[in-house]
Amino acid sequence: MKTEHPKREIAPDNQISIAFLWRAAEFCEQDGRACLIMPSKGLLFNRSNPHRVFRKEFFARYNIKTVINFSVIRHALFSKAVDPATAIIYAPSEPDDTKPILYCTPKPAHSLVDKWQFVIDSQDIAMLPRSETREDDVIWKVAMWGGPRDYALIKRLMSPAYTTLGQICKDRQWVNGEGVIVGKEAQRKNDASWLVGKPYVEAKSLNRFAVNEAALPLFEISKLQRPRPDQKAIFSGPHVLLKQSPLTGESGFRAALLLGDAVFRHSLIGINGPVHDLDLLVECCIALNSRVPLYFAMMSSRRWLVERDELEEAEVMTLPMPKDRSNQPVTVGTLRALSQDPDWESKVAALTEGLFGLTRDEQILVDDAINFTLDFFRWKGNSKAVKPTFSQTEGDRLLKEYLDVMIYTLEGSFGKPFTTTIFEHGDSPLRVVAVKLSETGESGIPRITIEGSQPALDLALQKADEFLKERRLPNVFIQRNVRAYIGKTIYVVKPDQQRYWTRASALRDADEIYVDIMQAWRPSL
């Protein structure tokens, strides 16, 4: 008798988990729910065409309710986990595009509480437009580490207004590729004699911008696992060498231009161009060392900050580059000077900010993502992101910067003046600021005032801290932030950690306040 098999749905790379995802829906009632733990890579981050087709069809057919991305805390949940996991909750009914998908990306608190409970920050919960999740898979990575403004910026950096490193290589017919794989002794079977005697660059000691080529040791291994004879040009000068793994504590990729030949391993990418393109190679080297490519990778790479500590070569080639050439002449001498300059980062910013054309708000997003979000991921409990907002040397500088951004954003939205107050907090684990819509004609009032600590306020905040953690399961809590609207004053209450009071947080809070005010206060404005 012939066996009838169910219709085969799209299962990229024959992944059985995706086959189960399709099949589980067939066992649900229309008002039922299915929840599966899936590999994060295949469900959310793999951007091969088959995976994109799968996501588009699956998210169009079924009503996806919630997606919980466990990638960052996989080792805490599953002690032997290698690949990151994601939970997806869905119903077999048709999706309603007017209702967003709840997307949660819990992250460790990097404290002792991680051993017995999970605290999900409100900023790790996003409501994603259903249609966007079908059409643009980069949204899952952006929402993992950023917010709506970050998504808009990443979309702009991916637009025709910019080019990419890969497109420059294609247009200029530059050769790019990863370096050699030496391999274990038994794997070294391929001739590499043509590389012997060339200078050798070790990835871990690659200097930024320029290398003392005369001091490099010579390569001496004549047999390799992969000597790259098909891309010999990448080992010839002039060439830019780029480290694929962003280094902890650094705010940009590490790239250097070498004029002469050099051998390097596969953790470095080489980009070779002709001598008449030397100035353009210099410009690319400077741009790669800037903050924008690192921010872009942080928000878009399907591997880095998900499952691996480095980018794939193909991802490196998608890094955004300015379309226009620099108005300031840059040469090999510029790179050599930058390599010796302790203030190189501000010099690079001055050279590249205009070329990338970022607005003030966009530059804030880039800076704070690297200074706080990435720093928290890298340094965990030792990160400055978890330090208190007040310091003996700088006072409440961070909160003042937060409120400066809050004021100009709200005033730009409403066209009316706002004033703010910082409440000193004593021993409270929370900080409070107030934002007030000024009366018409009010003048001479400081835009930011500081009100001294009050015992009653400190006690109230200590008690409030207990209620800002909403228990959802015995060991799962949601850390909520509070905005209280009283008359024409908004009180913002959040934990006393720097990561909650960044300028990027001010932009996000101001956007949410704008929506709240337009919904509740519009008749009185």
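Quantities reported herein were computed from a predicted structural model and do not represent experimental measurements.

Trainee: If you had to explain the overall build of the protein chain to someone new, which residues and values would you point to?
Mentor: If you tally the helices and strands in the protein chain, you get 17 helices and 24 strands. For 525 residues, the compact-globule estimate of 2.2 N^0.38 gives 24 Å, and the protein chain sits close to it at 26 Å. Projected onto the principal axes, the alpha-carbon positions of the protein chain cover approximately 80 × 75 × 45 Å. A buried classification covers 50% of the 525 residues belonging to the protein chain. For the protein chain, the accessible area works out to roughly 25400 Å², and carbon and sulfur atoms hold 52% of it. Of the side chains in the protein chain, 69 bear a positive and 67 a negative charge, and the two mean positions are spaced by 4 Å.

Trainee: Give me the lowdown on the packing of helix α1 (residues 16-25) against helix α3 (residues 49-61), citing residues and values where you can.
Mentor: Any two packed helices are characterised by the angle at which their axes cross and by the distance between the axes. Two elements in contact, α1 and α3, have axes whose closest approach is 12 Å; the angle formed by their N-to-C orientations is 15°. Here α1 lies roughly parallel to α3, going by the angle between them. Crossing handedness for the pair α1 and α3: left-handed. Listed contacts from α3 to Ile-18, Leu-21 and Trp-22 of α1 are His-51, Phe-54, Glu-57, Phe-58 and Arg-61. Looking at the contact of α1 with α3 residue by residue, the classes come out as five nonpolar, one polar and two charged.

Trainee: Help me get a handle on helix α9 (residues 278-288), residues and values and all.
Mentor: α9 sits mainly inside the fold: ten of its eleven residues count as buried. By the burial criterion, the buried members of α9 are Leu-278, Leu-280, Leu-281, Val-282, Glu-283, Cys-284, Cys-285, Ile-286, Ala-287 and Leu-288.

Trainee: Account for the pairing of strand β23 (residues 482-486), with residues named and values stated.
Mentor: As paired strands, β23 and strand β24 (residues 489-495) are joined by five bridges and run antiparallel to one another. What sits directly across from Val-482, in β24, is Val-493. Linking β23 to β24, which pair antiparallel, is a turn of two residues; within it Gly-487 sits at a positive phi near 65°.

Trainee: Hey, could you go over the nonpolar core for me, with residue numbers and the actual values?
Mentor: With 114 residues, the main nonpolar core has Phe-58, Ile-88 and Tyr-90 as its most contacted residues. At nine residues, the largest contribution of residues to this core is made by α9. When near neighbours in sequence (up to four residues on either side) are disregarded, Ile-88 contacts Leu-21, Ala-34, Cys-35, Leu-36, Met-38, Leu-43, Phe-58, Phe-59, Ile-64, Thr-66 and Val-67. Core analysis: the next-biggest nonpolar cluster, separate from the first, contains 21 residues, Val-211, Phe-219, Leu-241 and Ala-256 among them.

Trainee: Explain the side chain of Asn-63 residue by residue, including any values.
Mentor: Here Asn-63 is to be found in strand β2 (residues 63-69). A relative accessible area of 9% means that Asn-63 is categorised as buried. Apart from residues no more than four positions distant in its own chain, Asn-63 is found in contact with Ile-89, Tyr-90, Ala-91, Ser-93, Glu-94, Pro-95 and Arg-130.

Trainee: Could you give an account of a nonpolar patch on the surface, naming the residues involved and the relevant values?
Mentor: A cluster of nonpolar residues, Ile-37, Leu-77 and Phe-78, forms a patch on the protein surface that exposes about 250 Å² of accessible area. When you line up the elements, Leu-77 lands in helix α4 (residues 74-77).

Trainee: Would you mind going over the sheet that holds strand β20 (residues 448-451) in detail, with residue names and values included?
Mentor: Judged by pairing direction, the sheet is mixed, and its five strands sit side by side in the order β20-β18-β19-β24-β23 without closing on themselves. Looking at strand neighbours, the two that pair on one side only are β20 and β23, the edges of this open sheet. For this sheet the average axis-to-axis angle between neighbouring strands, irrespective of direction, equals 20°. Pairing of strand β18 (residues 418-423) with β20 involves four bridges; the strand directions are parallel. Within the sheet, the bridge partner assigned to Thr-420 lies in β20 and is Ile-448. The sheet strands contacting helix α15 (residues 397-414) are β18, β19 (430-437), β20 and β24, and the helix crosses β18 at an angle near 155°. Against the sheet, helix α17 (residues 503-520) engages β23 and β24, with an angle of about 40° to β23.

Trainee: With reference to specific residues and values, describe helix α12 (residues 332-339).
Mentor: Along α12, the residues classified as buried are Val-332, Leu-335, Leu-338 and Ser-339. Buried residues of α12, viewed axially, fall in a sector of 120°; they line one side. Those residues of α12 that are buried are in contact with β11 (209-210), β14 (255-258), α9 and α13 (344-356). Two or three places before Gly-333, at the opening of α12, Thr-331 has a side-chain oxygen 3.2 Å from that residue's backbone nitrogen.

What counts and how
Residues numbered from 1 in each chain as written. Predicted model: local features only at pLDDT ≥ 70, side-chain atom pairs only at ≥ 80, totals over all residues. Heavy atoms only, no water. Helix = DSSP H or I, 4+ residues; strand = E, 2+ residues; numbered from the N terminus. Rg over C-alpha atoms; globule rule 2.2 N^0.38 Å. Buried < 20%, exposed > 50% of the residue type's maximum accessible area, 1.4 Å probe, protein only. Areas by Shrake-Rupley, 256 points an atom, 1.4 Å probe, with all protein chains shown as cover. Lys, Arg positive; Asp, Glu negative; His and termini not counted. Charge placed at Lys NZ, Arg CZ, Asp CG, Glu CD. Axes fitted to C-alpha atoms, helices over the stretch in contact; angles between N-to-C directions. Parallel < 35°, antiparallel > 145°, perpendicular 65-115°, else oblique. Left-handed = near helix turned anticlockwise from the far one by under 90°. Contact = heavy atoms within 4.5 Å. Nonpolar A, V, L, I, M, F, W, Y, C, P; charged D, E, K, R; others polar. Pairing = 2+ DSSP bridges. Core = buried A, V, L, I, M, F, W, Y, C linked by side-chain atoms within 4.5 Å. Patch = residues over 30% accessible without salt bridge, like charges linked within 9 Å, V, L, I, M, F, W, Y side chains within 5 Å. Salt bridge = Lys/Arg side-chain N within 4 Å of Asp/Glu carboxyl O. Arc of directions from axis to C-beta. Polar contact = N/O pair within 3.5 Å; in protein donor to acceptor, adjacent residues only side chain to side chain.

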